[in-house]
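# Remarks on the overall topology
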Amino acid sequence: MDTNSIAVLILVGSFVVMLVCRFPIAFAIGISSVLTTMFLGLPLMQIAQLMVKGVNVFTLMAVPFFIIAGEIMGAGGISKRLIALSDALVGWIRGGLAMVNIVASLFFGGISGSSTADTASLGTILIPMMREQGYDDEFSTNVTMCSSVEGLLIPPSHNMVMYAMVAGSVSVGRLFLGGIIPGFLLGFALMIYSYVLSVKRNYPKGAPFSLKHALTTLKDAVWGLITVLIVVFGVVTGIFTATESAAMAVIWAIIVSSVIYKELTLPKIWHLIERSLGTLAIVMILISTSQVFGWLLTYLRLPEMVANGILGLTSNPLLIMLILNVLMLILGTIMDMSAIILVATPILLPIAIQAGMDPVHFGVVMILNLGIGLITPPVGGTLFVGSAVSGVPIEKLIKTLVPFLGVMVIVLLLITYVPGLIMFLPNLIMPVMG
């Protein structure tokens, strides 16, 4: 066995062993990188240089701003206003609260960009409400968790910013636009399935639709929804960069929550920033260590080896796309979403491009793939949050979660094999010149 093969075995093998031993993902990536660097006889100083280089990216500054904006809007009274608006729009349908849950996730996801934040914020309000109206606990929790994945697709999404950074010359604006139709498609598919179950189980429906009430709730919630307009239109029109729009979103979130809604005090803002810094510290350590890991992958030509292996199995683009989806679904069950984006993108993106996928198309497909991973064991962050919020054991949730996952996989396959669902808006609004 040659030196390169042994180095690959050390890099990947030690990483997998540490994952199995429940090491924090950032430490697993960092330690495996150090071991491989030492084996190859490369200077350890290079690791420090690569780690600094990994976080010294202007676009990356958007991530902490989006995280803070989501925390502020979630705690500043926006959640209950979005729920009220959603109830006015779809609460009259059979299984109305399930529909409210899904639509509220569309709105809230466009503000927080986080599946776990969505589940924690909306779940604490809606799951007890659904329980009181006779909905099964498992159904209520599954609807909350699955609909929260919409927030990863609907802009702004800090995960898309991270993908754009790793992928290279990929426009954040085009990624944001590419996620809109899939996000709404996922919500629509979940509503159809929830409606079928609601009719079958005779779940209740809310008060009849009232245009006056809908306009009143829209007037109250519109201040929070403007956050999405600031980010998306700012980036798409070129008025702001992704980082600048994220900073503007934080400022607007503070104004709305403290001045207009008057539900956020200065001490509470500091507490939210402090909590956001904890999340950010994890993300930044992960990004810096992943930079070293990714460099070693390239140095050892592992992406080329994986590409040759997959292309050796088949040259059919449709089968290659299917294989990539299966790989990402498997990775999503055992690794954190951010880690997969940082580590797997340099390996899988070149294969996807060879199969004819645009980087924007592949990016949105990857985000939905990994979003599904967030609600599947054993490392499903959203699954753990949903279980904690509802009090339903994870093993009970998993049994009833399978049909919901089936619906999400159908949407995944649709956006994989019908690229127009993703590429229509980017090509219409932000066409690539030349």
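Refer to the structure presented above.
What comes next concerns the included structure. (Residues numbered from 1 in each chain as written. Predicted model: local features only at pLDDT ≥ 70, side-chain atom pairs only at ≥ 80, totals over all residues. Heavy atoms only, no water.)

### Examining the overall build of the chain
- Broken down by element type, the chain carries 21 helices and zero strands.
- Here the C-alpha radius of gyration of the chain, 22 Å, is about what a compact globule of 434 residues would show, namely 22 Å.
- Dimensions of the chain along its principal axes, counting C-alpha atoms only, are 70 × 50 × 45 Å.
- Out of the 434 residues in the chain, the part that is buried amounts to 53%.
- In the chain, the proportion of contacts linking residues at least 24 apart, taken out of those at least 6 apart, comes to 80%.
- Carbon and sulfur atoms provide 71% of the accessible area of the chain, an area that totals close to 18,100 Å².
- Counting 18 positive and 17 negative side-chain charges, the chain places the averaged centre of each group 7 Å from the other. (Helix = DSSP H or I, 4+ residues; strand = E, 2+ residues; numbered from the N terminus. Rg over C-alpha atoms; globule rule 2.2 N^0.38 Å. Buried < 20%, exposed > 50% of the residue type's maximum accessible area, 1.4 Å probe, protein only. Contact = heavy atoms within 4.5 Å. Areas by Shrake-Rupley, 256 points an atom, 1.4 Å probe, with all protein chains shown as cover. Lys, Arg positive; Asp, Glu negative; His and termini not counted. Charge placed at Lys NZ, Arg CZ, Asp CG, Glu CD.)

### Some details on empty space enclosed by the protein
- Counting across every chain of the model gives one cavity of 30 Å³ or more.
- Along its surface, the largest cavity is lined by Thr-37, Leu-42, Pro-43, Gln-46, Ile-47, Leu-50, Val-292, Trp-295 and Leu-296.
- Secondary structure elements with two or more residues in the lining of the largest cavity: helix 3 (45–55) and helix 14 (266–299).
- Taken together, the residues of the lining of the largest cavity break down into seven nonpolar, two polar and no charged. (1 Å grid on protein atoms, 1.4 Å probe; cavity = no way out; pocket = protein on both sides within 12 Å on 5 of 7 lines; lining within 4 Å. Points joined across faces, edges and corners; volume = space filled by probe spheres on them. Nonpolar A, V, L, I, M, F, W, Y, C, P; charged D, E, K, R; others polar.)

### Regarding the side chain of Thr-345
- Within the element layout of this structure, Thr-345 appears in helix 17 (residues 337–354).
- Its relative accessible area of 0% is what places Thr-345 among the buried residues.
- From its side chain, Thr-345 meets the backbone oxygen of Ile-341 in a polar contact 2.5 Å long. (Polar contact = N/O pair within 3.5 Å; in protein donor to acceptor, adjacent residues only side chain to side chain.)

### Focus on the layout of surface pockets
- Reported here for the largest pocket is a volume of approximately 1,000 Å³.
- Considering the residues around the largest pocket, the lining is formed by 37 residues, among which Ser-114, Thr-116, Ala-117, His-158 and Thr-279 are closest to the centre.
- When residues of the lining of the largest pocket are traced back to their parent elements, those giving at least two are helix 4 (62–75), helix 6 (96–112), helix 7 (115–132), helix 10 (158–167), helix 14, helix 17, helix 18 (359–373) and helix 19 (381–390).
- If one sorts the elements of the lining of the largest pocket by residue count, helix 4 sits on top with six residues.
- Residues of the lining of the largest pocket, tallied by class, amount to 19 nonpolar, 15 polar and three charged.
- In this model, the second largest pocket occupies a volume close to 740 Å³.
- Contributing to the lining of the second largest pocket are 27 residues, with Phe-15, Leu-19, Leu-331, Ile-334 and Met-335 lying nearest its centre.
- Of all the elements in the fold, those that place two or more residues in the lining of the second largest pocket are helix 1 (3–20), helix 14, helix 15 (302–313), helix 16 (317–334) and helix 17.

### Some details on unusual backbone geometry
- Phi at Asn-202 takes a positive value of approximately 55 degrees, unusual for a residue other than glycine.
- Along the polypeptide, Asn-202 turns up in the loop between helix 11 (172–201) and helix 12 (211–237).
- Its identity is not glycine, yet Lys-262 carries a phi of approximately 55 degrees, on the positive side.
- Secondary-structure assignment places Lys-262 in the loop between helix 13 (242–260) and helix 14.

### Regarding helix 19
- Turning to helix 19, its buried residues number three or more, namely Thr-382, Leu-383, Gly-386, Ser-387 and Ser-390. Buried residues along helix 19 cover an arc of 135 degrees about the axis, so they all sit on one side.
- For helix 19, the elements touching its buried residues are helix 7, helix 8 (137–148) and helix 20 (394–417). (Arc of directions from axis to C-beta.)

### Remarks on the packing of aromatic side chains
- Using the criterion set out here, one finds nine aromatic pairs in the structure.
- Summarising the aromatic geometry, the rings of Tyr-135 and Phe-139 are spaced 6.2 Å apart at their centres and angled 10 degrees between planes, so their arrangement reads as stacked. For the pair shown, Tyr-135 and Phe-139 are each scored as buried.
- Linked through ring pairs, Tyr-135, Phe-139, Tyr-193, Tyr-203 and Phe-404 together constitute an aromatic cluster.
- Lying across the ring of Tyr-261, Arg-81 places its NZ or CZ 3.8 Å from the centre. (Phe/Tyr/Trp six-rings, centres within 6.5 Å; stacked < 30°, edge-to-face > 60°. Lys NZ or Arg CZ within 6 Å of the ring centre and 35° of its normal.)

### Notes on the nonpolar core
- Core analysis: the largest hydrophobic core is formed by 132 residues, its most contacted members being Phe-139, Leu-324, Phe-362, Leu-368 and Met-408.
- For this core, the leading source of residues is helix 17, giving 12 residues.
- Membership of the second largest hydrophobic core comes to six residues, among which are Val-228, Val-236, Leu-425 and Met-430. (Core = buried A, V, L, I, M, F, W, Y, C linked by side-chain atoms within 4.5 Å.)

### Thoughts on the packing of helix 12 against helix 13
- In the contact formed by helix 12 and helix 13, the axes pass within 9 Å of each other and the chain directions differ by 165 degrees. Between helix 12 and helix 13, the angle falls in the class roughly antiparallel. Helix 12 and helix 13 meet at a crossing whose hand is right-handed. Of the residues in helix 13, those touching helix 12 at Trp-223, Gly-224, Ile-226, Thr-227, Ile-230, Val-231 and Val-235 are Ala-242, Ser-245, Met-248, Ala-249, Trp-252, Val-256 and Ile-260. (Axes fitted to C-alpha atoms, helices over the stretch in contact; angles between N-to-C directions. Parallel < 35°, antiparallel > 145°, perpendicular 65-115°, else oblique. Left-handed = near helix turned anticlockwise from the far one by under 90°.)

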